[in-house]
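Overview (structure and organization)
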Amino acid sequence: MDFLPEDETYMARAIALAERAAKSGEVPVGALVVYDGRIIGAAHNLTRRIQDSTAHAEFLALRRAADWLGHWYFDECTLYSTLEPCVMCAGALVLGKLGRLVYGAGEPKFGGCGSVFNLVEEPGLNHRLNVTRGVLAAECASLLQRFFKGIREDSA
């Protein structure tokens, strides 16, 4: 699927969330859920801060969107994430019947949306997402590279 005109705008908002995560010591991933042109859920990673392996940006944004919608089906929503969702998050996107996924950087170690596994387009599952990959990918990847470089330098 080609980029839509609004994809870069929403991804820039997700990048701002990822930058906030990095400033607080979290892995810099930001995500937001858009419904009918409105952001209804937004979050960044909180796994380190709250010591919860499920506190990924995508999960948290989905929870906030579900609160707003009053249900957990996201068939009319788009989720924007600065990083390709992991297998755990990809499973949640399929179960929630997300309409569309847009992500920035691929995740070659844990990716669940095409890099390592591809749960979101798996023909054997009951739902498949429309996926747009690589929106502002260089900017998204740069955030992650700087963050992990800083960790390596701090531990050296």
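Residues numbered from 1 in each chain as written. Predicted model: local features only at pLDDT ≥ 70, side-chain atom pairs only at ≥ 80, totals over all residues. Heavy atoms only, no water.

**Description of the pattern of salt bridges**
Heads up, the condition is: Each reported salt bridge corresponds to a side-chain nitrogen of Lys or Arg within 4 Å of a carboxyl oxygen of Asp or Glu. Only DSSP runs of H or I with at least four residues qualify as helices, and only runs of E with at least two residues qualify as strands; both kinds are numbered from the N terminus onward. The buried label goes to any residue with under 20% of its type's maximum accessible area, the exposed label to any with over 50%, and the partly exposed label to all in between, with areas taken from a 1.4 Å probe on protein chains only.
All chains considered together, the criterion is met by two salt bridges. Measuring nitrogen to oxygen at the nearest pair gives 2.7 Å for the salt bridge that ties D7 to R100. Note that D7 is positioned in helix α1 (residues 7–23) and R100 in strand β4 (residues 100–105), a separation of 93 residues in sequence. On the basis of relative accessible area, D7 is assigned to the buried category, the value being 0%. By relative accessible area, R100 is classed as buried at 7%. Across the salt bridge formed by E121 and R133, the nearest N and O atoms sit 2.8 Å from each other. Here R133 lies in strand β5 (residues 130–133) and E121 lies in the loop between β4 and β5, a separation of 12 residues in the sequence. With relative accessibility at 35%, the residue R133 sits in the partly exposed group.

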